Structure formats: structure tokens, C-alpha cells
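Single-letter residue listing:
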Amino acid sequence: MKNFKIVNFVNVFIYIFILAPLLVVIISSFNTAEYLVFPPQGFTFDWYHEVISKGRYTQPFWNSIKLAVVTTMIALPVGTMIAYAISRYKSRFNDVLQSFFLSPLVIPTLLLGIGLLILVSNLGVQMYFPRLLLAHVVIVIPYVVRTMIAGFAGMDKSIEQASIILGASPIKTFFLVTVPLARPALLASGFLSLVVSFDELIIALFLTGPGFNTLPMTIYSDVQFNLSTSLAAISSLIIFGTVLLGLLAVLLMGVNKKS
Amino acid sequence: MTELQLKDIYKKFGSKVVVNKLNLTVESGEMLCLLGPSGCGKSTTLSMIAGMQTPTSGSIMLEDKELTKVAPHKRDVGLVFQNYALFPHLSVFDNVAFGLRRHGVPKSEIGDRVRASLASVQLAEFEDRFPAQLSGGQQQRVALARTLVLKPKLVLFDEPLSNLDAKLRQALGIEIRLLQKEYKFTGVFVTHDQEEAMLLGDRIAVMNGGNIVQLGTPKEVYKKPVDPFVANFIGESNLLPIANTDLGTSSETMEITILGGHKIKVIANDNNSNPSKVMIRPESIEVLVDKDIDSEKYNYLTGNVAYINYTGTSYLIGIKVEGIEKEFLVRIQNMTEDLHFSDEEAITVKWKIKDTLIY
Amino acid sequence: MLKRIPANWILLAPGIVILLLAFVFPLGRLFIYSFYKTTSSGAIEPAFVLDQYIKFFTDTYYLEMLWRSVYVGVIVSAICLVLGYFLAYGIARTKPKYRIPLLMLIALPLLTSAVIRNFGWIIILSKKGILNEILIKLNIIHQPMELMYTVSGVIIALVHVMLPYMVLVLYAVIDGMDLNLEKAASNLGANKFKVWWYVTLPISKPGIVAGTLLVFSITLSYFITPSLVGGSQVKLMATEIEDQTIQLLNWPFASAMGVILLITMLIVTSLYKKALQSKYEGANT
Ligand SMILES: Nc1ncnc2c1ncn2[C@@H]1O[C@H](COP(=O)(O)OP(=O)(O)OP(=O)(O)O)[C@@H](O)[C@H]1O
Ligand SMILES: [Mg+2]
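Think of each chain on its own: its residues are numbered from 1, step by step along the sequence as written. Chain labels run from A onward and ligand labels from 1 onward, assigned in the order the entries are written. With pLDDT at 70 or above as the cut-off, local features in this predicted model cover only qualifying residues; side-chain atom pairs require 80 or more to be listed or tallied, and sums for whole chains, interfaces and linings still use all residues. In computing side-chain values, all of the structure's heavy atoms are included and hydrogens and water are not.

Within an unreviewed UniProt entry, the label attached to chain C reads ABC transporter permease, and the organism entered is Mesobacillus maritimus. UniProt positions are given in the numbering used here, feature names are shortened, and annotations may be inferred rather than shown by experiment. Recorded in UniProt for chain C, the comment headed Subcellular location (unreviewed entry) runs: "Cell membrane".

With an unreviewed UniProt entry as reference, chain B is termed ABC transporter ATP-binding protein, source organism Mesobacillus maritimus.

Strand pairing in a sheet is mediated by backbone hydrogen bonds. Such pairs are either parallel or antiparallel. Residues and elements named next belong to chain B. DSSP-based pairing: two strands are paired if at least 2 bridges between them are found. To qualify as a helix, a DSSP run of H or I must reach at least 4 residues; to qualify as a strand, a run of E must reach at least 2; elements of each kind are numbered from the N terminus. Across the sheet, five strands lie side by side as 15-19-16-17-18; this open sheet has antiparallel pairing. The strands lining the two open edges of the sheet, one partner per strand, are strand 15 (285-287) and strand 18 (328-333). Between one strand and the next, the sheet's axes are offset by a mean angle of 45 degrees, whatever the strand orientation. Sheet topology places strand 15 next to strand 19 (residues 346-352); three bridges connect them, and they run antiparallel. When the sheet's bridge partners are listed, Val287 is paired in strand 19 with Val349. Only the stretch in contact is used when fitting a helix axis, every axis being a line fitted to C-alpha atoms; angles between N-to-C directions are given from 0 to 180 degrees.

Turning our eyes to something else, we now look at a negative patch on the surface. All names here are of chain B. Taken together, the side chains of Asp290, Asp292, Asp294 and Glu296 present a region of like negative charge at the surface. One can find Asp290 in the loop between strand 15 and strand 16 (298-310). Each residue is placed in one exposure class: buried if its accessible area under a 1.4 Å probe, protein chains only, is under 20% of its type's maximum, exposed if it is over 50%, and partly exposed if it falls in between. When its relative accessible area of 39% is taken as the criterion, Asp290 is described as partly exposed. In this analysis, a patch consists of residues with relative accessible area above 30% that form no salt bridge, clustered at 9 Å for like charges and at 5 Å for the nonpolar side chains Val, Leu, Ile, Met, Phe, Trp and Tyr. Using the Shrake-Rupley algorithm and a 1.4 Å probe, accessible areas are obtained, with residue cover drawn only from the displayed protein chains. Any Lys or Arg side-chain nitrogen found within 4 Å of a carboxyl oxygen on Asp or Glu counts as a salt bridge. Residues scored as charged are limited to Lys and Arg (positive) and Asp and Glu (negative), so that His and the chain ends carry no count. For this purpose, a charge sits on NZ of Lys, CZ of Arg, CG of Asp or CD of Glu.

Quick look at the site of ligand 1 now. Taken together, 14 residues form the shell around ligand 1, and within it Lys16(B), Ser38(B), Gly39(B), Ser43(B) and Thr44(B) come nearest. What surrounds ligand 1 is not a single chain but chains A and B. Within the contact set of ligand 1, an oxygen atom lies 3.0 Å away from a backbone nitrogen or oxygen of Gly41(B). Protein chains shield 65% of the accessible area of ligand 1, which is 630 Å² for the free molecule. The set of elements that each furnish at least two residues to the shell around ligand 1 consists of strand 2 (16-27) and helix 1 (42-50) of chain B. Examining the composition of the shell around ligand 1, we find that three residues originate from one element, helix 1 of chain B, more than from any other. Residues of the shell around ligand 1, tallied by class, amount to four nonpolar, six polar and four charged. A cutoff of 4 Å decides nearness: a residue is near a molecule or strand if any of its heavy atoms lies inside that distance of it. Distance and chemistry together define a polar contact, namely a pair of N or O atoms within 3.5 Å, with one atom able to donate a hydrogen and the other to accept it when in protein, and with adjacent residues in sequence counting only for side-chain atoms on both sides. Only Asp, Glu, Lys and Arg are considered charged, only Ala, Val, Leu, Ile, Met, Phe, Trp, Tyr, Cys and Pro nonpolar, and every remaining residue, Gly among them, polar.

Grouped together as the largest cluster of nonpolar side chains are 238 residues, with contacts concentrated most on Ile141(A), Leu207(A), Leu4(B), Leu24(B), Leu156(B), Phe157(B) and Val76(C). Ranked by residue count, the leading element in this core is helix 6 (residues 128-153) of chain A, at 14 residues. Whether two residues are in contact is decided by their heavy atoms: any pair within 4.5 Å suffices. When near neighbours in sequence (up to four residues on either side) are disregarded, Ile141(A) contacts Ala75(A), Val78(A), Ile82(A), Phe101(A), Ile18(C) and Leu19(C). Working definition of a nonpolar core: buried Ala, Val, Leu, Ile, Met, Phe, Trp, Tyr and Cys residues. They are joined through side-chain atoms within 4.5 Å.

Our focus in this paragraph is the packing of aromatic side chains. Pairing of aromatic rings covers Phe, Tyr and Trp, the last counted by its six-membered ring, and requires centre-to-centre distances within 6.5 Å; plane angles under 30 degrees mean stacked, over 60 mean edge-to-face, and any other angle means tilted. Under the definition given, this model contains 35 aromatic pairs over all chains. Here the aromatic rings of Tyr84(A) and Phe152(A) are separated by 5.4 Å at their centres, their planes lie at 75 degrees, and the arrangement is edge-to-face. With a gap of 68 residues between them, Tyr84(A) in helix 3 (residues 58-88) and Phe152(A) in helix 6 connect regions that are remote in the sequence. A relative accessible area of 1% means that Phe152(A) is categorised as buried. Centre to centre, the rings of Phe35(C) and Tyr53(C) are 5.5 Å apart; their planes meet at 40 degrees, and the pair counts as tilted. Highlighted residues: Phe35(C) in the loop between helix 1 (7-33) and strand 1 (37-38) and Tyr53(C) in helix 2 (residues 51-57), separated in sequence by 18 residues. This pair shows no difference in class: Phe35(C) is buried, exactly as Tyr53(C) is. Chaining the aromatic ring pairs together yields one cluster made of Tyr84(A), Tyr89(A), Phe152(A), Phe174(A) and Phe175(A). Above the face of the Phe253(C) ring, Lys55(C) is positioned so that its terminal group lies 4.0 Å from the ring centre. Only lysine NZ and arginine CZ atoms are considered, and such an atom sits over a ring when it is within 6 Å of the ring centre and within 35 degrees of the ring normal.

Of the residues lining the interface, 71 residues belong to chain C; the matching set on chain A comes to 75 residues. Here's the idea: put two parts together, see how much 1.4 Å probe accessible area each one loses, and the total over both is what we call buried area. Interface area for chain C against chain A, summed over the two sides, is near 6,700 Å², with a carbon-plus-sulfur share of 85%. One can count zero salt bridges joining chain C with chain A. At the boundary of chain C and chain A, one finds six residue pairs in polar contact (both at pLDDT 80 or more). Broken down by element, the side of chain C that touches chain A gets its largest block of residues, 21 residues, from helix 1 of chain C. Each residue belonging to the side of chain C that touches chain A can be placed in one class, and the counts come to 52 nonpolar, 12 polar and seven charged.

It is worth spelling out the UniProt feature "domain: ABC transporter" (unreviewed entry) in chain B at this point. The UniProt record marks residues 4-234 of chain B with the feature "domain: ABC transporter" (unreviewed entry), using the residue numbering of this structure. The span residues 4-234 of chain B carries 36% helix and 27% strand; its end-to-end C-alpha distance comes to 25 Å.

As a further point, take the interface of chain A and chain B. At the interface, 19 residues of chain A touch 21 residues of chain B. Carbon and sulfur atoms supply 74% of the area buried between chain A and chain B, which totals about 1,800 Å² over both sides. Between chain A and chain B we count zero salt bridges in total. Our enumeration of links across chain A and chain B arrives at three residue pairs in polar contact (both at pLDDT 80 or more). Where the side of chain A that touches chain B is concerned, the elements lending two or more residues are helix 7 (157-165) and helix 8 (170-181) of chain A. Counting residues per element, the side of chain A that touches chain B draws most heavily on helix 7 of chain A, which supplies seven residues.

On the surface, Leu244(A), Leu247(A), Val250(A), Ile100(C) and Met104(C) cluster together into a nonpolar patch covering about 470 Å² of accessible area. Every element with two or more residues in the nonpolar patch is listed here: helix 12 (229-258) of chain A together with helix 4 (96-111) of chain C. Among the elements that line the nonpolar patch, the one with the most residues is helix 12 of chain A, at three residues. Tracing the backbone shows Leu244(A) in helix 12.

The subject of this paragraph is the pattern of salt bridges. For the coordinates displayed, the defined rule picks out 15 salt bridges over all chains. As a salt-bridge pair, Arg56(A) and Asp222(A) come within 2.4 Å of each other at their nearest N and O atoms. Of this pair, Arg56(A) sits in the loop between helix 2 (46-53) and helix 3 while Asp222(A) sits in helix 11 (residues 215-225), and the two are 166 residues apart along the sequence. Among the residues examined, Arg56(A) registers a relative accessible area of 45% and is labelled partly exposed. When the shortest N-O distance is used, the salt bridge between Glu127(B) and Arg115(B) registers 3.1 Å. Note that Glu127(B) is positioned in the loop between helix 3 (107-120) and helix 4 (136-148) and Arg115(B) in helix 3, a separation of 12 residues in sequence. We classify Glu127(B) as buried; its relative accessible area is 16%. Judged by relative accessible area, which is 43%, Arg115(B) ranks as partly exposed.

Moving on: the side chain of Asp222(A). Residue and element names in this part refer to chain A. On the basis of relative accessibility, which here comes to 2%, the residue Asp222 falls in the buried class. Polar side-chain contacts of Asp222 include one of 2.6 Å to the side chain of Tyr57. Each residue touching Asp222, except ones within four places of it in the same chain, is listed here: Arg56, Tyr57, Leu227 and Leu231.

Turning next to the layout of surface pockets. Both site types are read off a 1 Å grid over the protein atoms alone. A 1.4 Å probe that fits but cannot get out defines a cavity, while an open set with protein on both sides within 12 Å along at least five of seven lines defines a pocket; lining residues have an atom within 4 Å of a point. Grid points are joined across faces, edges and corners, and a volume is the space filled by probe spheres set on the points. Empty space within the second largest pocket amounts to approximately 1,900 Å³. Lining the second largest pocket are 42 residues, with Arg88(A), Tyr89(A), Ile164(A), Pro170(A) and Ala7(C) positioned closest to its centre. Where the lining of the second largest pocket is concerned, the elements lending two or more residues are helix 3, helix 7 and helix 8 of chain A together with helix 1 of chain C. If one sorts the elements of the lining of the second largest pocket by residue count, helix 3 of chain A sits on top with seven residues. Partitioned by chemical class, the residues of the lining of the second largest pocket number 23 nonpolar, 12 polar and seven charged.

As C-alpha cells, then:
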């Protein structure tokens, strides 16, 4: 028992270490001073007002949202189709295919960034949004594939068979039976896809240019050159948003399990 | 009339042969039980009929149609699964309506047909529930309704009762027989439980190692198992190895010696002049109480009581016979008085010569 | 015609096209570019020469940077291993109802933007930051520590970023472990530490290997932390590659550095696996 206490004692410090940077950002965001100073000078919601009502973060925020949503709209069906093919069809290439589709997780994003930059400039692709979109889809696909393969593996195959035998074509079966049964995995994939895409910085650094800023880029440059309290406010909003979205996904998954 | 015909069905998974040149004919309106040990290829055979698997070679005819060329969702075949396989996200009503909707049945008709079908499995009040809110037996009856509402010509059952407890198993088995009368389908019923096969099957096909070893009515299969495997699989049996065969005692019977030197008479069989095993069903054996010996009609064997089990409807006596490794089993039904044997007591049993089978 | 193509390949087709176009092809271009020439005026010329690699390996500035990157990767993996083991062990041995919440707490930083987490570290680590203020107030130090723009600062922030990965991998192994083994060992009279050393630790080895490999591979090419916390004072491979690409527009050299980084990652991880394997076999015989 005594040793367990030592483990727990150490762990309290590690948990503090884990949460500290998030907490200091949130605490700083209520500071009355315009620039980050410690200890805080007073308590105010002003910076949240400023961030929401006007300002430098609005356009990048919507850009990032648009990017994350469109990325998810592409990566989720494409990744689900890949996972379905690998899970439900026998092929001697399945292992190779699976490693192939997961490989963007292994190759540093940095390298993909340079490679894509070289490619798009060789091809003369000027529009920033499609450039970023394509890269984001590549980065997100492995998350979807991995989650969906796990989801399909946990599903009882005979339910899909029952559907086919009752007269539903394979395609109908997929939409009427497989998709509803895979809902928890789909929710998890969608959540991961949105978050990973929304937070992606490196691709944007390499592939975007004037006129199209993402939120992580703007925050990144402000962290370097402009440590203001409103920066802490927008960062806190992102933290809250991510946590809320996560809770929502978990909640929806739980509801599905019961029925 | 022949409803379903399997011709030379052969199925390999990789290099492993799972169904080996299987031939089978199922008559219209009958219930045929496929009975066999785990892994002998029963489910694979059903899957091929339903279209979930494709035979490596061979053909499957339903009436005059070659089924292997028909897509699985267009075959007029129903399948009831061991684990029910209900759609967990749909209500009982929608589960049953699922197939009707896929077949383009008009909306106005669907409600009536679903309710009629649910009524036939005594689940009329349950249409709004979800599968998770039903017991195992109820779920399986929803699965039955879901299949039968489409009025398929052929219904396949893959061990539909084996997840249920013993009482329910029998009740639902009988219900399936009644439903067959009502819906007039042809059935193929897979099971590894011989009692279930006896209860449900018009005929039983005993499978082993990817092939059918015997096909016949429950009585035929029970009374005249073609080999020791079938004998052992269906019911209880005493299999005694033969030491040597003495031919020509009389024209009709021959005398053989089993291990331990015991002599036994059997009906002579021209097809099997050199048998290696004797088989006697435990329930065709009686305990010798008086001293009347009729060796023209009966075989006798003496040993010592190893154990007596009372099961409520019968006694099972295990007898240690000299020279024979396994206990010799005797099942005695409908005893009016209690058996009085103590362990190790000497006991003599007898059975009719014509009940002695040789292999 | 379409009927001839098996259904699974139809399902895979969009994914294969996207990955070929936007993953395989660009990485191929990167590899080819690493053999291009950069003229003295900075123009890029197609060629097949080793100029870029020679430039890298003949300049101690870059060699030191590569060494620093590997060193930081190793240190971060080691610290993550120790901290992560404590956490994973604690969670696996706590009451079941606390496990999911604790795991979610650990995974939470993983899901929140890495830029923001590093922002948090800047607030904590800077000269007038929270850590220095608190330590001075408590009279533990008298001069503020220099943590921003130092290797130590980078390591602290990197450990924070990588720790969740380590915990999740280790937890999967420790959680699957049979508790009875530990009980049996302590019944035989071994003290807690001995039980852990001889029973728990060897069984959790697959998790330790997988976790450290994962953390090392991610750390080696991790950009955000070195860039924000390290700045231009602590140059690592990742930040230099970004500089070469975006500031200096020397894509061939950046490509070559990328290839070198990837190969380094492969070499270190396979050496590490080999070392552990031979040790394991040695212990077995
Ligand atoms: N998809 C498959 N791939 C490889 N082997 C398989 C596959 N399906 C079944 N088998 C093998 O084929 C053999 C027969 O399987 P099958 O499911 O038909 O047996 P069964 O008679 O239904 O047994 P049970 O009573 O256990 O259900 C088994 O040895 C099984 O391992
Ligand atoms: Mg089976």
C-alpha cells in the first residue's frame, strides 16, 4: 500500500505538469492588462468581447473552420470506404494497403509540406484553399482509417448478412445497416478529423500565402511577436471549444450504445 | 418434388477443404436437419446456399434455378442466425418490415403483414420495442417473423436454438415446426444437437469432415447408423472391439469374440463378413433378473457395477466388463421399482441378437 | 466493364488516388529535389548530384544540429518514459471507475492545439514568467532562470507534448497485464520494488519499446516547440528545414535535410530495436 501512495503522490505533480500550460493560458485570458504579465492585475471578460466582436482572429477562425469541415467531409467518406474495403473484403494486399493508408502518420508532416510546396509550385497551383485542403485530407485519412477499422472489427458481421439475405443490395446494406451501426466510430473519426485539421499548423506555414490565414498560423505568429491578453482569450476559446466538442462526441456515442 | 439440390459442392479456404463434394437433395416442404460436430462444414454449406460464400465448384439448384448465379440479395431464401442478428438500431416493427420494404411491398400492405407475422410468433404487443429490450427467445422469434414475413420458399436455420436454455429450446423448436406448417416453407436446419435434430427433422443428414455420411429419417439414422461415427454421434452407444470372428455357427447368425473373450452372436451380414466393431444401444439392453437363458434370441454379458446414475426418467448403469476399457452402458427406462445394486456387485445383462450391429 | 473490377478496389480507388497525388508524388519530388543543384546566386537547377548532402555533412554547424536533434529526442523519450510509466501504472492500478476520466484528462492536451500548449509554456517559462516569479517569491532562487530559448526549456515543453502518447501506449500494456502475477510474486516474499523490477517491468517491455520509439520518432521532426520555445537560439533540424524552405527558399537543401532526418530516424530506431533484442536474447539464454 505504501508504494501505491508514493506513485500517487508523484502522479499528482505530473497531472499538474500536464494541465499547467492550459490553465495558465485560461487564467491569463481574464487579466485586465493588455499584455501578459504575472501576477494578473484584475479580472475581466473584455478580451473575450474584443476577440468575438471584431478583429484579427475572425477571418482566420472561419478559414480554419471551413478547412476543417470540408476536410472532414472528404476524409470521412474516403477513409470509411478504405476501412470498409480492408475490413470486409478478403485480399492478400490488405496488410500492405493498411500500412499504406496509415503511412502519413509515420512520415513527418514537415517533409510532406516541402514535397507539396515543390509540387504545387511546379504545377503552378496558386489557390491556397485547395492546396491546404488536399494536404489536410492526406493527414487526416489515417486517423479515420484507423478508427473505422477498429469500429468495423467490433461489429457483428451477421447483422449485415441478415440485411443482404432479406433483400437489401450491398450498397443499401451499407447505408441502412453498416453506417448506423458504425455510428460511434464515425463520430470519433469525425471529431478527430475536425480537431486534427483545425489545429494543423505546419501545412499552412508551407502552403498558404497572403490573403488566406488559418487560425493556428495567426496564433503562431502572435505567440512569437505579439503576446497579448486577447491572444490568451482566443486560445482559451479554442480550448473550451475542443473540450466541448469532445464531450459532445462522447455523449452522442454513449446514447447510441444504449439503444 | 425436389426443392433444393446440391451437386458436388466443394469449398476450400486457402488449401483447407471444408466441404468435400457434397451431394444433397431436399424435398419440397420437408425439414432437413444437417447434424454434425463443430467445424464439419455445416455453416459453410448454409452460407453457400444463402450466397454469403461461393462454392469453389459444384452447383446449387433451387427448383429449376441455378442459385450460384443469383446475387445473394435476390435469392428467395431466408436465414435464421444463431445470434439472432437483429438490427439493433431498428424497432421490432422495423426489423420485420425491413425485408418487405426492400422488396418494394406497398406501404399499405406492410403494416398488416408485419402485424400478422408478429402475431404468428406471439409478439403482437412488442412492435415498438428495440431488440435490446427483448429476451433471447423473444429476439429469436422476431428473427423468425422477420424471415417468414417474406414467405420464402426455403428457410435456412443455423443453430437458431443453441443460445437459448434447454426448456426454451424445446418450446421454440416445436414452434418452428408449427410455423413450417403455417408458412409451408422448405427448411434446412443446422444443429450439432442430436435431440434437436430428432425433434425437428423429417430427415437427418449427418455430416462429418465436409461430407454427408448418412441421410435418412430420424428412426433410420438412429436404428441403423451406417458407421461407428454416426452411432456415437446420435444417441449413446456401446462400441466393442472384435477380437476374432467365428464364421458359420448357423446360416443366419454368426458368433464373434470381442476383447476379453466374450462371445456374442450377430445376424450374419454378407456385406460385412469381417467386422471390427460391435455396437449396442444402451437402451436396448435389459438387466437379467430371472435365470431364463434363451441364447437363440439373446446375447448375455456379465460384469461388475461401476456406477448407477438416476436421471429422473431413467437409470444409467456403467458396467465394468473384463477386457473392455470403457464402461459398458445400460439405460433402463420406466422402472416401476427401484434398482438395488451396490457398487462392484456382479451383474448380468441381455439384449436381442437383432439389436447387435456390426461394423 | 465496371463489373469486372472487384468491389473493394472501387472503394479503395478514391483514397489511393488522393494518396498517390498528394502524398507519394510530393515525397518523390522531395527526394528528387534533394539531388538538385543550388547555384551561388541561389537559383535551383535540376541535376543529379550529391551537392546538398556534401554541404550538410562537411559543415559542423549542421552536424551539431543533427546531433542536438537526436540528443533532444533521446532525452525527451527517456523523461517521458519515466513520467509516463508512473502515470500509466497509477491509472492501471486505480479503481476502474477513475480510469476513463484520468485517461481523458491525459488525452485532453493531445486534442488541444499544440501551438496553444506551447504558448502556455512560454507564459510559464519566460524570464518574468510564472515559474520564475513563484520561485523567487518562495526564495528558492534569487535570479530568474533562463529557460526560454534554451535546450532545457525546449525539452520541458516537448516532454509535455509527447507525454500523452507515451502514457496511452504504456497503459495499454500495463492494463492488459495479469495482476495475479504480481500477487503471486509478492506472496513468494519479494518486496514491492523487487516485484516491480522482476515481474512488472519485463512484462511491460513491449509497451516501453513501442512508447519510446513513438515519442522519439515524433520528437525528432517536431517543429512547433523548438520554433516557439527554442527560437533561433536553439536550432534543431525541424526549425532549420523550415527556415531553408520558407526564408531562404533553398528547397534542394531543405529536401536533403528532410531525407537525412528521415534516415536518421530509421537508423536510430532500428539500432535501438536491435540493441534491445540482443539484450533480451542474452537474458534468455
Ligand atoms: N472464412 C473462413 N476462412 C477460413 N476458414 C474458415 C472460414 N469459415 C469457416 N472456416 C473453417 O471451415 C471449417 C468449417 O466451418 P463451419 O463454420 O462450416 O463449421 P460448422 O460445422 O458450422 O461448425 P460449428 O458447429 O462450430 O458452427 C472450420 O474448420 C472453420 O475453421
Ligand atoms: Mg456453424
